[in-house]
Amino acid sequence: MPPATRCGRASLVRRSEMVDTHNKGLLMRRFMTAAATAALTISMAPAAHAAEWMLIAGDGIKPDRNVHYLAIDLISTTTDLSDYDPKEAIKDGKGLEYIQDRQIQNAWVVQVLENPKDPDTIFYTVNVKCRQKLVQIKKAFAVYRDATPETITSEEWMPVPDNWLSRVYTAACDTDNVVKAIKAVVDSKSFDNLEKLKPLLDLGMIYAGKWSTLNYVKLSDFTWDKLWQSGTRPDYTTNKTPEQLQQQEDALNAQIAQLGGKATELEATIGNIDAESEFIAATNKTFKAKNRQQQKIFFNMEGWTEQEIVEFWGVPNSARDYAGTRALEYYAENDTRQTYIQQIAIQDSKGNVTGMREEAQQTGELSACAMTLSLKPGGSKPGYRLVDYNIRSTNCKASTLGQLTR
């Protein structure tokens, strides 16, 4: 059990479950006005590890308002293969689903609160299981206005609720549409144009702009300056020494810097989204030319990186490079053949047994699969990626292919 906390688990959980329905129109209009000036100013300022921030929720009335921001750049993926079963992974050609069921999307959300009794800011680490439609608030780190921190952790998973967590789910699991919507807003530079913002608004998000990941604690300043101008910002007080405050700031900055390295990933995706779409479209044509059974086995594996291939299929038996293509060779054999000798009676024309002869009989079969995966650089991801495959054998079965995985 976690130690007793200043505000208690109920307080943080209550804040995390708020449904942002009240005063949403007013908040949106006010934010669009702020974004028209602030976003352009921010975009011109140089910032290390600039992150794309989305306003994903706003709730409450003065003096109990709060807003949530999501740094979409910091969304990352981890895969839990602790219970990996090669036979189950390849069963019925559902290899992708098997991997996706074990993938967890990790997101970072910042909540700013108005009430003096609440924390000034809460930083949430949120985990998402896309296929299962589950979310988990793995960690909530609150900073009060007297510089007192509080941390709560949880292992509990829950169905996606109809609040700010549903926006996190959308950002983590519908990345392509979110990236396209962001790109449309950024390219148009129309931060105050409702029509240009509509793709994001339909996803329940408003583009806020770019902040350095090392300075995203400034979201509290931005909120008060641009959204809560009619409110009175509570004073900050502290009994900590300057040295203690510096240690606390250094620890927080170290944590932020660790995540900040991911900030360029989405920028690369946005900048190369057209190249990625063209790359996947061309690979799709190759994959669709295969027979139905092979399409089931390799469903949605087009564009997989070499690391993803090795994690799923295992280390190849051999690899070779030629003319800009990398070929990974796999081979598996399943021999269930057995030979036995059967005694056959020799009969004369009257049906009398006149002797015996031996006849060799065979049961079982040989199933052998030779598979070549062809990889080339392309799209928005670095390194070699799967663009074609070739399975050779007249008796290659899915069960034999399952032996390729490790």
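Our structure's up above, just so we're on the same page.
Parameters and conventions
- Residues numbered from 1 in each chain as written.
- Predicted model: local features only at pLDDT ≥ 70, side-chain atom pairs only at ≥ 80, totals over all residues.
- Heavy atoms only, no water.
- Pairing = 2+ DSSP bridges.
- Helix = DSSP H or I, 4+ residues; strand = E, 2+ residues; numbered from the N terminus.
- Axes fitted to C-alpha atoms, helices over the stretch in contact; angles between N-to-C directions.
- Polar contact = N/O pair within 3.5 Å; in protein donor to acceptor, adjacent residues only side chain to side chain.
- Contact = heavy atoms within 4.5 Å.
- Buried < 20%, exposed > 50% of the residue type's maximum accessible area, 1.4 Å probe, protein only.
- Arc of directions from axis to C-beta.
- Core = buried A, V, L, I, M, F, W, Y, C linked by side-chain atoms within 4.5 Å.
- Salt bridge = Lys/Arg side-chain N within 4 Å of Asp/Glu carboxyl O.

Trainee: Requested: an account of the sheet that holds strand β11 (residues 325–335), with residues and values cited.
Mentor: Sheet architecture is open: 4 strands sit in the order β10-β11-β14-β15, paired in antiparallel fashion. Single-partner strands in this sheet number two, and they are β10 (318–322) and β15 (381–392). On average, adjacent strands in this sheet sit at an angle of 25 degrees to one another, irrespective of strand direction.

Trainee: How would you summarise the side chain of N106 if you had to cite specific residues and measurements?
Mentor: Relative to the assigned elements, N106 resides in strand β4 (residues 103–113). At 3.0 Å, the side chain of N106 and the side chain of N127 are in polar contact. Excluding its chain neighbours within four sequence positions, the residues that come into contact with N106 are L74, I75, S76, T77, T78, V126 and N127.

Trainee: How would you sum up helix α13 (residues 306–313)? Please name residues and give values.
Mentor: When α13 is considered as a whole, its buried residues turn out to be I309, F312 and W313. Looking down the long axis of α13, one finds its buried residues gathered within 80 degrees of arc, a one-sided arrangement. After α13 finishes, the residue G314 shows a positive phi value of roughly 90 degrees.

Trainee: Which residues make up the environment of E333, and what are the values?
Mentor: Note on placement: E333 falls in strand β11. Sequence spacing of E333 and A368 is 35 residues, and the spatial spacing of their C-alpha atoms is 4.2 Å.

Trainee: So what's going on with the pairing of strand β2 (residues 66–71)? Which residues, and what values?
Mentor: Counting buried residues along β2, 6 of its 6 residues qualify, which places the element largely inside the surrounding structure. Neither face of β2 is exposed, since N66, H68 and L70 on one face and V67, Y69 and A71 on the opposite face are all buried. Relative to β4, β2 runs antiparallel, the two sharing 5 bridges. Looking across to β4, one finds that L70 is bridged to V109.

Trainee: Pulling in residues and values, what's your account of the nonpolar core?
Mentor: Formed by 33 residues in total, the largest nonpolar core has its most connected members in I56, V109, Y124, V126, W164, V168 and L200. Within the residue set of this core, elements represented by two or more residues are β1 (50–59), β4, β5 (121–129), β6 (134–143), α5 (164–173), α6 (175–188) and α7 (194–202). By residue number, the principal contributor to this core is α5, which donates 6 residues. Here V126 is in contact with Q105, N106, A107, V109, Q136, W164, L165 and V168, once residues within four sequence places are set aside.

Trainee: Tell me what's going on with the environment of V126, and back it up with residues and numbers.
Mentor: Residue placement: V126 occurs in strand β5. V126 gets classed as buried once you look at its relative accessible area, which sits at 0%.

Trainee: Lay out the pattern of salt bridges in plain terms, naming residues and giving numbers.
Mentor: This structure, assessed with the given rule, holds 12 salt bridges. Residue E114 pairs with R65 through a salt bridge whose shortest N-O separation is 2.7 Å. Of this pair, E114 sits in the loop between β4 and β5 while R65 sits in the loop between β1 and β2, placing them 49 residues apart in sequence. Judged by its relative accessible area of 3%, E114 is buried.

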